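Survey of secondary and tertiary structure
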Amino acid sequence: MVKVSDRLAARLRDAGVGRVYGVPGPAVDPLLRALGRGPGVPEFIQARGAESAALMACAEAKLTGRPGCCLAPPGAGVLRLLGGLYDAAADRAPVLALVGADPEPRRGDGPAVRHLAAVSVRCEEVSGPEPVAGDALDRAVRAALGDRGVASLVLPHETLTAPAPPVLSDPPRRLDFSGLSGCPGIRPPSASVRTAGAADVDGVRRAAAVLAGGGRGVVVIGNAGRAASGQAARVAQVLGAGVATTALARDALPDDLPYLAGVAGPLGSEAAAALLRDCDTLLLVGAEDLDPTLLPAPGRCRIVTVDRNPDDCPLDPDASAVRVNGEVSACLEALLPLLRGGPDRGWAVRVERTVRAWRAAGETRARRYFGTSVNPRSVVAELSERLPDRAVVTTDSGTALDWWTRHLRLRTGMRSLLSGHLALPGAAVPYAVAARFAAPDRPVIALVGDGALQGGGLNELITVRRHLDRLAGLPPLVFCVFNNGDLNRLTWQRRAAEGDPLIPLSAEVPALPYARWAQLAGLPAVRCDRPRHVGSAWDDALGRRGPLLLEFVVDGETPPDWAAGPDTDRPRPKAVSRLMGPAR
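Residues numbered from 1 in each chain as written. Predicted model: local features only at pLDDT ≥ 70, side-chain atom pairs only at ≥ 80, totals over all residues. Heavy atoms only, no water.

Examining the packing of helix α10 (residues 201–212) against helix α13 (residues 328–335)
Two numbers describe a pair of packed helices, the interaxial angle and the distance between the axes. We count it as follows: Lines fitted to C-alpha atoms define the axes here, with helix axes fitted over just the stretch in contact, and angles between the N-to-C directions of these axes take values from 0 to 180 degrees. Only runs of H or I of at least four residues qualify as helices and only runs of E of at least two qualify as strands under DSSP, and these elements are numbered from the N terminus. In this scheme, roughly parallel covers angles under 35 degrees and roughly antiparallel covers those over 145, while 65 to 115 is roughly perpendicular and the rest are oblique. By convention, the crossing between two helices is left-handed when the near helix turns anticlockwise from the far helix through less than a right angle, and right-handed when the turn is clockwise. Here, two residues are considered to be in contact whenever any of their heavy atoms come within 4.5 Å of each other. Here the term charged refers only to Asp, Glu, Lys and Arg, the term nonpolar to Ala, Val, Leu, Ile, Met, Phe, Trp, Tyr, Cys and Pro, and the term polar to all other amino acids, Gly among them.
Here α10 crosses α13 at 60°, and the two axes come no closer than 9 Å. The angle between α10 and α13 places the two elements in the oblique class. Two packed elements cross with a definite hand, and for α10 against α13 that hand is right-handed. Touching Val204, Ala207, Ala208 and Leu211 of α10 are Cys331, Ala334 and Leu335, all from α13. Across the contact of α10 with α13, the residue classes break down as seven nonpolar, no polar and no charged.

Structural data, given as structure tokens:
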């Protein structure tokens, strides 16, 4: 007998869901059984915790553009799911959350519904077999992709175990979501492109007039502008402008472009901060995730925004700007023929000089080390020289993020993933696990601090061990651990705020031999504690197949750029750097 759970599993596959990450429980066991019944349904990957399952779904959505999917039982399962779902909601990743129903909930107002509604663009409690097999899932997928967020379905056990209606016993039709362009990888039909591109012809003309009239232009590419990065780069070349990206769009363009100034963020690239400070025209391309505190003061700069929807603009509604709304790639294509490069290329020369100086300073800092400790900058710098083609690099939110921002050099075809707005500690490991399952042909590297690893990442290494036989023959999956015995970014923010580099460690992490722990769990591991062996350690790790934990014992006294003085690794005498934002 075909049950609703069987039909739902097949329907998920037609919706583009390749895997369901989750944790088991009696309320969702019928769906778990259906997910284990062959190649016609998504694969079930059991995570060690519900939050990790949601983070894995979020990472898959970010990497592929298709809906990620997570599953949890009601009660505590829903509460633990929320951390990862808030990550997806904050970064606008399309995620389906499937949860069991609480026992005897009040219709539409059960505890699961109330919790999920706060984080979801759509939350629906299913009452019978027909909506589960058809309309409810369609609505959830369309909401997740169209609104770029979390869509939740609450599934009662009695619904999952009910016989599927006979009319639905035929193979389900493949869902058509081609008209939804909210995420990378979702291609809109040509009519949609024409409509979006022509929606604001007057706005495009006014934008061209503003941009052509400026002499010191900067283009910022945000997460919603990733698909238009090629057009944005062409605009920058015509105008002689500099380019920066948000952290979520870190991989939108290759780092070898001479006018690419890195990540624009409160703790981001000093080159990007300098260009934003001195520009007279600013083009924001899908930059919904740009921190508005980075924008020039009112009246100092003319701003043009290009966004799919008016609500996506990072500016205050009352801020003065030319706003162009429509499909971002189409709008930039319409803009390009109206632009002309100015006769004075002095700003373009200054942009490239600023970028070269910033990169040279980073290379110099990465080569330094003190005593016998490994310089954490050198760990990422040496990785950059050896990154395999099409690599996926995930990073955590501690100082690993600072070295990722400063020293990672991505080439065309590479991807980077992180918890952007939420900066959720420990996300790098489940992100990397999901990247491995979603892209088995790509090398995957996770950059994670020891504090974040202890905060949850160690548990998901057990998930890797569970699938070791399957993963052993795939390209490398490297978990790079920065072992400094400290919550290092938090420590530097406190030291910076106090202006005293000699205060004691403020966020000590208990000592743990990470490589030995991984080996005890049955995973290959390498430990490096000598500065001159960093490159060879990476050669060893990237030359292998399958998972490996690579532990570097690094110097916790190496400050990030925002806490160090110019061209030195000594802390700033006063840590109130203009690049420094609030502690996270």
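Here's the deal with the sheet that holds strand β2 (residues 43–46)
The condition is simple: A pair of strands is treated as paired once DSSP finds two or more bridges between them.
The strand order across the open sheet formed by six strands is β2-β1-β3-β4-β6-β5, and the pairing between neighbours is parallel. Strands at the two margins of the open sheet, each flanked by one partner only, are β2 and β5 (120–125). Within the sheet, the average angular offset between the axes of one strand and its neighbour, ignoring direction, is 20°. Sitting on the sheet, helix α4 (residues 76–91) touches β3 (68–72), β4 (95–100) and β6 (150–155), and the angle it makes with β4 is about 170°.

Some thoughts on the pattern of salt bridges
Rules: What counts as a salt bridge is simple: a side-chain nitrogen of Lys or Arg found within 4 Å of a carboxyl oxygen of Asp or Glu. Buried means the residue's accessible area, taken with a 1.4 Å probe over protein chains only, is under 20% of the maximum for its type, while exposed means over 50%, and partly exposed covers the values in between.
Scanning the entire structure with this criterion turns up 28 salt bridges. In this structure, Arg377 and Asp561 form a salt bridge, with 2.8 Å as the shortest nitrogen-oxygen distance. One end of the pair, Arg377, is in helix α15 (residues 376–386); the other, Asp561, is in the segment after β18 (547–553), with 184 residues separating them in the sequence. You can call Asp561 buried: its relative accessible area is 9%. A salt bridge links Arg386 to Glu382; the nearest nitrogen and oxygen atoms lie 2.6 Å apart. Of this pair, Arg386 and Glu382 both sit in helix α15, separated by four residues, roughly a single helical turn. Residue Glu382 is classed as partly exposed on the basis of its relative accessible area, which comes to 24%. Here the residues in one salt-bridge network are Arg365, Arg377, Arg406 and Asp561, joined through shared partners.

A closer look at empty space enclosed by the protein
Going by this rule: Within this scheme a cavity is a closed region of a 1 Å grid, computed over the protein atoms alone, that accommodates a 1.4 Å probe without allowing it to escape, whereas a pocket is open but has protein on both sides within 12 Å along at least five of seven lines; lining residues each have an atom within 4 Å of a point. Grid points are joined across faces, edges and corners, and a volume is the space filled by probe spheres set on the points.
One pass over the structure, following the stated rule, counts three cavities of 30 Å³ or more. Roughly 80 Å³ of internal volume is contained in the largest cavity. For the lining of the largest cavity, the element with the highest residue contribution is helix α16 (residues 399–407), accounting for four residues. For the lining of the largest cavity, the per-class residue count stands at five nonpolar, three polar and four charged.

Observations regarding the confidence of the model for the protein chain
Test applied: pLDDT gives the predictor's per-residue confidence on a scale running from 0 to 100.
Summary statistics for the protein chain give a mean pLDDT of 85 and a share of 86% for residues scoring 70 or more. In the predicted structure, residues 168–173 sits below a pLDDT of 50 and forms 11 contacts with residues beyond four places in sequence or in another chain. In this model, residues 572–584 is a region of pLDDT below 50 whose contacts with residues beyond four sequence positions or in other chains number 38 contacts.

Focus on helix α17 (residues 428–438)
Within α17, 11 of the 11 residues are buried, which leaves the element mostly enclosed by the surrounding structure. Among all positions of α17, only Ala428, Val429, Pro430, Tyr431, Ala432, Val433, Ala434, Ala435, Arg436, Phe437 and Ala438 are buried.

Remarks on helix α12 (residues 270–278)
Note: α-helices contain 3.6 residues per turn, so residues at a spacing of three or four share the same orientation. To keep it simple, the criterion reads: Pairs of N or O atoms are called polar contacts if they sit within 3.5 Å, as long as, within protein, a hydrogen donor faces a hydrogen acceptor (for residues adjacent in sequence, only side-chain-to-side-chain pairs).
Of the positions making up α12, those classed as buried are Ala271, Ala272, Ala273, Ala274, Leu275 and Leu276. In this fold, the buried residues of α12 make contact with β7 (217–221), β8 (242–245), β9 (260–263), β10 (281–285) and α14 (346–367). Structurally, the start of α12 carries an N-cap: the backbone nitrogen of Ala271 is 3.1 Å from a side-chain oxygen of Ser269.

Points about the pairing of β4
To keep things clear, this is the line we draw: Looking down the strands as they point away from the viewer, one classifies a crossover as right-handed if the path from the first strand across the helix to the second runs clockwise.
The buried fraction of β4 is high, at six of six residues. With burial as the criterion, each face of β4 is covered, one bearing Val95, Ala97 and Val99 and the other bearing Leu96, Leu98 and Gly100. The pairing of β3 with β4 spans five bridges and is classified as parallel. Note on β4: the bridge partner recorded for Cys70 is Ala97. Handedness of the β3-α4-β4 crossover: right-handed. Sheet analysis places β4 next to β6, joined by six bridges and oriented parallel. Across the sheet, residue Ala97 finds its bridge partner in β6, namely Ser152.

Things to note about the packing of aromatic side chains
For clarity, the threshold we go by: Here a Phe, Tyr or Trp ring, Trp counted by its six-membered ring, pairs with any other such ring whose centre lies within 6.5 Å, and the pair is stacked when the planes are under 30 degrees apart, edge-to-face when over 60, and tilted otherwise. Distance and angle both matter: a charge sits over a ring if NZ of Lys or CZ of Arg is within 6 Å of the ring centre and within 35 degrees of the ring normal.
For the coordinates displayed, the defined rule picks out one aromatic pair. Ring geometry for Trp538 and Phe552: centres 5.8 Å apart, planes at 40°, overall tilted. Placement of Trp538 in helix α22 (residues 534–542) and of Phe552 in strand β18 is noted, with a sequence separation of 14 residues between them. In terms of burial, Trp538 and Phe552 fall into one category: buried. A cation sits over an aromatic face here: Arg250 above Trp404, 5.2 Å from the ring centre.

As for the sheet that holds β7
Within the open sheet, the six strands sit side by side as β9-β8-β7-β10-β11-β12. Their pairing is parallel. Pairing within the sheet leaves two strands with one partner each, and these edge strands are β9 and β12 (322–325). Each neighbouring strand pair of the sheet contributes to a mean axis angle of 15°, computed without reference to strand direction. As defined by bridge partners, β7 adjoins β8 across four bridges and the pair is classed as parallel. Among the inter-strand pairings, Val220 is bridged to a residue of β8, identified as Ala244. The sheet strands contacting α12 are β7, β8, β9 and β10, and the helix crosses β9 at an angle near 110°.

Topic: the environment of Glu124
Position of Glu124 relative to the elements: it lies in strand β5. Glu124 sits in the buried class, given a relative accessible area of 15%. A sequence separation of 29 residues divides Glu124 from Leu153, and the C-alpha atoms of the two residues are 5.1 Å apart. Here the side chain of Glu124 touches Arg122 through a polar contact of 3.3 Å, side chain to side chain. At a separation of 2.5 Å, a polar atom in the side chain of Glu124 contacts the side chain of Arg139.

With respect to the nonpolar core
For soluble globular proteins, the rule of thumb is that nonpolar side chains tend to be buried together. The criterion, for reference: In this text, buried Ala, Val, Leu, Ile, Met, Phe, Trp, Tyr and Cys residues form a nonpolar core when linked through side-chain atoms within 4.5 Å.
By size, the foremost hydrophobic cluster in this structure holds 66 residues, and its most contacted members are Tyr21, Cys70, Leu81, Leu85, Val95, Phe479 and Leu549. No other element matches helix α3 (residues 50–64), which puts 10 residues into this core. Val95 has contacts with Ala57, Cys58, Ala61, Gly68, Cys70, Leu85, Ala88, Ala144, Gly149, Val150 and Ala151, leaving out every residue within four places of it along the chain. Within the second largest apolar cluster, 57 residues are counted, among which are Val218, Val219, Ala287 and Leu336.

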